Amino acid sequence: MTLNEQSSAMAAAGGGAARRRPPEPPVRLVRPGNEDITIGENSVLEGSFDTRGSMFVDGAAINADLNAGFLSIGTTGRVEGQALVERAEISGAFDGTLVSSGEIILRASARIDGDVKCARLVTHRGAIIAAQVRIVEEGERSGDGVAAMLAGFQTARAPLRRGLRRRIRKAMPVAWGAVLALALIGGASLIA
């Protein structure tokens, strides 16, 4: 008789308490693209990284094309390239184009070069900014303001965010109306 059969026979006969299985851990549901990406302190990576989650850089990302919900560059971290994020917190170095739909926090040890476009910039004393910074106002962020933010990217591979798609969808009837009105005015001038 096997051990499993013995324990079930004892439980059936009332000759001892049956062992209970420990509850299984809950299943973590992860949607594709929501994973966090970490570049360790002794790592140097190159290429494109795309996640709706967070990206933590303690090593180096060279010639990088980053697209993340949150970007954190540690004191030993360095990013060279371009990044499109919702939020960023920088303690290390960034050189390139950084576009954020939210805030960028520059810690005291941060050094940033290149172009920066964001809605809010928080700078701690000691941060070095050798970049062209553009703070985008709330009214400017709708419609062509977002397109102008995306224009800072040199590649067309950056996927459009859901909010931008919604704004474009809302603007399309107005754009088609303007095209139609211009066509009617042009046609009327030809007839007259």
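Sequence order sets the numbering: in each chain, residues are counted from 1 along the sequence as written. pLDDT decides what is reported in this predicted model: residues at 70 or higher carry local features, side-chain atom pairs at 80 or more are listed and counted, and totals for whole chains, interfaces and linings draw on all residues regardless. Where side-chain values are given, they derive from all heavy atoms of the structure, hydrogens and water being excluded.

A. Focus on the pattern of salt bridges. Here, a salt bridge means any side-chain nitrogen of Lys or Arg that lies within 4 Å of a carboxyl oxygen of Asp or Glu. The full count for this structure, using the stated rule, is four salt bridges. Note that E80 is salt-bridged to R78, the shortest N-O span being 3.5 Å. Partly exposed residues are those whose accessible area sits between 20% and 50% of the maximum for their type, while under 20% is buried and over 50% is exposed, using a 1.4 Å probe and protein chains only. What makes E80 partly exposed here is its relative accessible area of 30%. Classification of R78 by relative accessible area gives partly exposed; the value is 37%. Between R87 and E103 there is a salt bridge whose closest N-O contact spans 3.3 Å. Taken as a pair, R87 in strand β5 (residues 78–90) and E103 in strand β7 (residues 103–106) lie far apart in primary sequence, 16 residues in all. Here a strand is any run of E in DSSP of at least two residues, a helix any run of H or I of at least four, and the numbering for each starts at the N terminus.

B. Highlighting the side chain of S100. The topology assignment puts S100 in strand β6 (residues 93–100). From its side chain, S100 meets the backbone oxygen of E86 in a polar contact 3.1 Å long. Counted as a polar contact is a pair of N or O atoms within 3.5 Å, where, for protein atoms, one must be capable of donating a hydrogen and the other of accepting one, and residues adjacent in sequence contribute only when both atoms are in side chains. At a separation of 3.2 Å, a polar atom in the side chain of S100 contacts the main-chain amide nitrogen of G102.

Everything listed here is a matter of geometry and, on its own, says nothing about what the molecule does.
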